[in-house]
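Summary of structural features
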Amino acid sequence: MSAYVAAALRRQIERGNLNELVTGAEAEHGPVTGVEIQSLRDQLIQARREQTQHGANAA
């Protein structure tokens, strides 16, 4: 049970830290648009595909 609680607390702290970073970035640069979010998601998907392909080619 204590490992579960510790993991939950870690996740909560990480989310809090992430929220602080987002708030600070948006205060400095303005809010992130849906288009920007989708573009970053697309980049992440592509990077994961490339990583998977490179891993398969190395094996």
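Our subject is the structure that appears above.
To start, this report covers the structure provided alongside it. (Residues numbered from 1 in each chain as written. Predicted model: local features only at pLDDT ≥ 70, side-chain atom pairs only at ≥ 80, totals over all residues. Heavy atoms only, no water.)

**Quick notes on the overall build of the protein chain**
- On a plain count of helices and strands, the protein chain comes out with two helices and zero strands.
- On C-alpha atoms alone, the protein chain measures out to a radius of gyration of 17 Å, which is more than a quarter above the 10 Å that the 2.2 N^0.38 rule sets for 59 residues.
- Projecting the C-alpha coordinates of the protein chain onto the three principal axes gives extents of approximately 40 × 40 × 15 Å.
- With 59 residues in all, the protein chain has 2% of them scored as buried.
- Looking at the protein chain as shown, the accessible area adds up to about 5,400 Å², and 58% of this sits on carbon and sulfur atoms.
- Side-chain charges of the protein chain comprise 6 positive and 7 negative groups, with the mean position of each set lying 13 Å from the other. (Helix = DSSP H or I, 4+ residues; strand = E, 2+ residues; numbered from the N terminus. Rg over C-alpha atoms; globule rule 2.2 N^0.38 Å. Buried < 20%, exposed > 50% of the residue type's maximum accessible area, 1.4 Å probe, protein only. Areas by Shrake-Rupley, 256 points an atom, 1.4 Å probe, with all protein chains shown as cover. Lys, Arg positive; Asp, Glu negative; His and termini not counted. Charge placed at Lys NZ, Arg CZ, Asp CG, Glu CD.)

**Re helix 1 (residues 2–29)**
- In this model, helix 1 (28 residues) spans 40 Å end to end at C-alpha, consistent with the 40 Å of a helix rising 1.5 Å per residue.
- Within helix 1, only one of the 28 residues are buried, which leaves it mostly out in the open.
- Positive phi shows up at Gly-30, right after helix 1, with a value of about 90°. (Expected span 1.5 Å × (residues − 1).)

**Re the environment of Gln-53**
- Assignment of secondary structure puts Gln-53 in helix 2 (residues 34–58).
- With 14 residues separating them along the chain, Gln-53 and Ser-39 place their C-alpha atoms 21 Å apart.

**Quick look at the environment of Val-22**
- Mapping Val-22 onto the fold places it in helix 1.
- Classification of Val-22 by relative accessible area gives partly exposed; the value is 38%.
- Sequence separation between Val-22 and Val-32 is ten residues; the distance between their C-alpha atoms is 9.1 Å.

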